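Topology and contacts: notes
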Amino acid sequence: MYELIDGKQLAASMRVEIAENVKKFAQKNGRQIGLAVVLVGDNPASQVYVNNKIKACEQVGIKSFAYYLPADTQQDKLEDLLKELAESSAVDGILVQLPLPGHLDSERALKLIPTEKDVDGFSAENIGKLAMNSESLVACTPNGVMQMLASKNIETRGKKAVVVGRSNIVGRPMALLLINADATVTVCHSRTKDLKKECLEADILVAAIGKAKFITADMVKKGAVVIDVGINRDENGKLCGDVDFENVKDKCSYITPVPGGVGPMTITMLMYNTYLAAVRRG
Ligand code: NAP
């Protein structure tokens, strides 16, 4: 019999804890923690993400500074804003909602976010620190997955973990976190020769592919822990993950649902990173 790892519930309890810590921080330091969120253009999905982040800030008592810039914003204007936010003592974390409009150079812009304010954990410095297993701000989605494993006391030490996907925001940092947690890690991607064989070896299988119901029951070892990072629409337009949940679940010891699994953890970890950035800054 499988057990669900309920990300919605875990995220809610973590937000209560973060809110308490944010309040204590304000009492001790005489100031509110601040997160700056920058959105360029009017991509509807990005607007939804930004609104959810601002709502989460309100929920945990973090002051949000939202900057909505027009789609035709020039590089120098964006960079001026980021430089200002980098200097601002009221701002502990800076987040630029991606993707930026095509005419902007994201890499150049993101470099202006100081490592200690990079609450998305996307910078080369933070990824490098993670690779060296030293103190960093860790990308929110994979960090949320680690919290989900910990919430069920799932052992990672000595376990065989397989991560399908190698993106900079999910697969790669996920693999680094699992290595740091003493798992033996295999990373698979679109050029992997025998994906099914690799997946069948996994005690912990993390799917971060972006293809609806791609991981099928014949790819999962009996008793495996299956973490589904994917957010897709199925043939009926219904939200689903990268894992064929209905057919895979009975083979698992633990599995995350979609929706209500990894998704709610991501913004919660953003709140956590902003709190952490503030504590480290003092
Ligand atoms: P991405 O940048 O498109 O990366 C997808 C990865 O999957 C790539 O490494 C790709 O391999 C690999 N892949 C694609 N087709 C494959 C195949 N047939 N066999 C094996 N590997 C294959 O996507 P992402 O940004 O990492 O996101 C992955 C999924 O997670 C998406 O559904 C996204 O919506 C979701 N997501 C969810 C959250 C959340 O909060 N829950 C956050 C971020 C992303 P190559 O490198 O070889 O191309």
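Just so you know, these numbers come straight off a predicted model, no measurement behind them.

Where helix α1 (residues 7-29) meets helix α6 (residues 140-151), the closest approach of the two axes is 11 Å, and the angle between their N-to-C directions is 95°. In terms of orientation, α1 lies roughly perpendicular with respect to α6. Packed against α1, whose contacting residues are Gly-7, Leu-10 and Met-14, the element α6 presents Gln-147, Met-148 and Ser-151 at the interface. Split by residue class, the contact of α1 with α6 holds three nonpolar, three polar and no charged.

Here the focus is the packing of aromatic side chains. Going through the model one piece at a time under the given rule, you end up with one aromatic pair. With a centroid separation of 6.4 Å and an interplanar angle of 85°, the aromatic rings of Tyr-2 and Phe-245 are classed as edge-to-face. Note that Tyr-2 is positioned in the segment before β1 (3-4) and Phe-245 in helix α9 (residues 245-248), a separation of 243 residues in sequence.

What follows concerns the sheet that holds strand β4 (residues 93-96). Across the sheet, three strands lie side by side as β3-β2-β4; this open sheet has parallel pairing. Pairing within the sheet leaves two strands with one partner each, and these edge strands are β3 (63-69) and β4. For this sheet the average axis-to-axis angle between neighbouring strands, irrespective of direction, equals 15°. Sheet analysis places strand β2 (residues 34-40) next to β4, joined by four bridges and oriented parallel.

What follows deals with the layout of surface pockets. Each pocket or cavity is described by its volume, and for the largest pocket that value is around 1,100 Å³. Lining the largest pocket are 41 residues, and of these Tyr-49, Thr-141, Ile-231, Gly-263 and Thr-266 lie nearest its centre. Elements with a contribution of two residues or more to the lining of the largest pocket: α2 (44-60), β4, α6 and α10 (263-281). Counted by class, the lining of the largest pocket contains 23 nonpolar, 13 polar and five charged residues. Computed from the structure, the second largest pocket encloses a volume of approximately 470 Å³. Forming the boundary of the second largest pocket are 20 residues, of which Glu-107, Leu-110, Phe-122, Ser-123 and Ala-124 lie nearest the centre. Contributions of two or more residues to the lining of the second largest pocket are made by β4, α4 (106-110) and α5 (124-131). Taken together, the residues that form the lining of the second largest pocket break down as 10 nonpolar, four polar and six charged.

With that out of the way, let us pick up unusual backbone geometry. The omega angle of the peptide bond from Leu-98 to Pro-99 is 0°, so this bond is cis rather than trans. Assignment of secondary structure puts Pro-99 in the loop between β4 and α4. Following Val-258, the chain continues into Pro-259 via a peptide bond in cis, with omega recorded as 0°. By the element assignment, Pro-259 lies in the loop between β11 (252-255) and α10. Its identity as a non-glycine residue notwithstanding, Asn-133 has a phi of 55°, on the positive side. Within the secondary structure layout, Asn-133 lies in the loop between α5 and α6. A positive phi angle, near 50°, is found at Lys-213, a position not held by glycine. Note that Lys-213 resides in the loop between β7 (204-207) and β8 (224-228).

What follows is about the site of the ligand. For the ligand, the set of nearby residues contains 22 residues, the closest of which are Arg-166, Ser-167, Ser-190, Lys-211 and Thr-266. Residue Arg-166 places a side-chain N or O atom 2.7 Å away from an oxygen atom belonging to the ligand. Between the ligand and His-189 there is a distance of 3.5 Å, counted from a nitrogen atom to a backbone nitrogen or oxygen. When the ligand sits alone it has 920 Å² of accessible area, and the protein chains cover 70% of it. Its residues assigned to classes, the shell around the ligand shows 10 nonpolar, 10 polar and two charged.

The rules behind each value
- Residues numbered from 1 in each chain as written.
- Predicted model: local features only at pLDDT ≥ 70, side-chain atom pairs only at ≥ 80, totals over all residues.
- Heavy atoms only, no water.
- Axes fitted to C-alpha atoms, helices over the stretch in contact; angles between N-to-C directions.
- Helix = DSSP H or I, 4+ residues; strand = E, 2+ residues; numbered from the N terminus.
- Parallel < 35°, antiparallel > 145°, perpendicular 65-115°, else oblique.
- Contact = heavy atoms within 4.5 Å.
- Nonpolar A, V, L, I, M, F, W, Y, C, P; charged D, E, K, R; others polar.
- Phe/Tyr/Trp six-rings, centres within 6.5 Å; stacked < 30°, edge-to-face > 60°.
- Pairing = 2+ DSSP bridges.
- 1 Å grid on protein atoms, 1.4 Å probe; cavity = no way out; pocket = protein on both sides within 12 Å on 5 of 7 lines; lining within 4 Å.
- Points joined across faces, edges and corners; volume = space filled by probe spheres on them.
- Near = heavy atom within 4 Å.
- Polar contact = N/O pair within 3.5 Å; in protein donor to acceptor, adjacent residues only side chain to side chain.
- Areas by Shrake-Rupley, 256 points an atom, 1.4 Å probe, with all protein chains shown as cover.

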